[in-house]
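Descriptive analysis of the structure
Here is how the chains run, residue by residue.
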Amino acid sequence: MNNNGIESNVLASIDTEINGKPFVYKIEHEHFNFLDGKSTDTLMLTKTSKLSGKDYSHEILNMDNFYNMNDEDKHLFEDKAKAYITEAYDLFDKDTSLALVESKKKLNTLKW
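Keep in mind it's a predicted model, so treat the numbers as computed, not measured.

Parameters at a glance
Residues numbered from 1 in each chain as written. Predicted model: local features only at pLDDT ≥ 70, side-chain atom pairs only at ≥ 80, totals over all residues. Heavy atoms only, no water. Helix = DSSP H or I, 4+ residues; strand = E, 2+ residues; numbered from the N terminus. Buried < 20%, exposed > 50% of the residue type's maximum accessible area, 1.4 Å probe, protein only. Contact = heavy atoms within 4.5 Å. Areas by Shrake-Rupley, 256 points an atom, 1.4 Å probe, with all protein chains shown as cover. Salt bridge = Lys/Arg side-chain N within 4 Å of Asp/Glu carboxyl O. Phe/Tyr/Trp six-rings, centres within 6.5 Å; stacked < 30°, edge-to-face > 60°. Lys NZ or Arg CZ within 6 Å of the ring centre and 35° of its normal. Core = buried A, V, L, I, M, F, W, Y, C linked by side-chain atoms within 4.5 Å. Pairing = 2+ DSSP bridges. Axes fitted to C-alpha atoms, helices over the stretch in contact; angles between N-to-C directions.

Within the chain, the regular secondary structure consists of 1 helix and 4 strands. The order of helices and strands in the chain, counted from the N terminus, is β-β-β-β-α. When burial is assessed residue by residue, the chain has 26% of its 112 residues classed as buried. Put simply, of all contacts in the chain between residues at least 6 apart along the chain, 39% involve residues at least 24 apart. Carbon and sulfur atoms provide 52% of the accessible area of the chain, an area that totals close to 8100 Å².

Turning our eyes to something else, we now look at the pattern of salt bridges. If you walk through the whole model with that rule in mind, you get 3 salt bridges. In this structure, the salt-bridge partner of Asp15 is Lys50, at a minimum N-O distance of 3.0 Å. Placement of the pair is Asp15 in strand β1 (residues 6–18) and Lys50 in the loop between β3 (39–49) and β4 (58–67), with a sequence separation of 35 residues. Between Lys47 and Glu59 there is a salt bridge, with the nearest N and O atoms lying 3.8 Å from each other. Of this pair, Lys47 sits in strand β3 while Glu59 sits in strand β4; the two residues are 12 residues apart in sequence, bridging distant segments of the chain. Taking relative accessible area as the criterion, Glu59 reaches 39% and is therefore assigned partly exposed.

Counting across every chain of the model gives 2 aromatic pairs. Judged by centre distance (4.8 Å) and plane angle (80°), the ring pair of Phe32 and Phe34 falls under edge-to-face. You can call Phe34 partly exposed: its relative accessible area is 40%. Their ring planes at 75° and their centres at 5.3 Å tell us that Phe66 and Phe77 sit as a pair that is edge-to-face. With Phe66 in strand β4 and Phe77 in helix α1 (residues 71–109), the pair connects residues that are 11 residues apart, well separated along the chain. Across the pair, Phe77 and Phe66 agree in class, each one buried. Directly above the aromatic system of Phe23 lies the positively charged group of Lys47, at a separation of 5.3 Å from the ring centroid.

Moving on, we get to the nonpolar core. Formed by 13 residues in total, the largest nonpolar core has its most connected members in Tyr25, Ile27, Leu43, Leu45, Tyr84 and Ala88. Top element by residues in this core is α1. It accounts for 4 residues. Leaving out residues up to four positions away in the same chain, Leu45 has contacts with Tyr25, Lys26, Ile27, Glu59, Ile60, Leu61, Asn62, Tyr84, Glu87, Ala88 and Leu91.

Take the sheet that holds β3 next. Pairing is antiparallel in the open sheet, where 4 strands are placed in the order β1-β2-β3-β4. Strands with a single pairing partner mark the edges of an open sheet, and in this sheet they are β1 and β4. For this sheet, the mean angle separating the axes of adjacent strands, direction not counted, is 10°. As defined by bridge partners, strand β2 (residues 21–33) adjoins β3 across 11 bridges and the pair is classed as antiparallel. By the bridge assignment, His31 is partnered in β3 with Asp41.

If you want it as structure tokens, here you go:
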């Protein structure tokens with residue numbers, strides 16, 4: 001738990017490379033309890049660069065909020081988390097296939 005009372009967990013993390021730069025896709029869960037006993041849970045799929053300075057970037061690709069989750073909501077939350085993980089792997093596959101295409105193009109331009 002951090003200083004503002006929000007519990008934050010990384011459910012999954014997938015390293016990738018886009019245009020030669022390192023990124024990470026993360027599925028994150030944040031939980032917050034309010035003083036009145038109510039709570040909110042946020043599920044996010046993010047893409048963050050591993051670089052610092054001007055090359056740093058952070059992007060929320062998908063996000064859902066759940067308020068005062070009951071048992072049925074917990075199942076929806078779990079299903080949504082699985083969908084975000086699948087989406088992250090699909091993005092990873094796209095990143096790696098694009099990198100492979102670029103590598104093949106460079107290889108084809110080489111003169112022997």
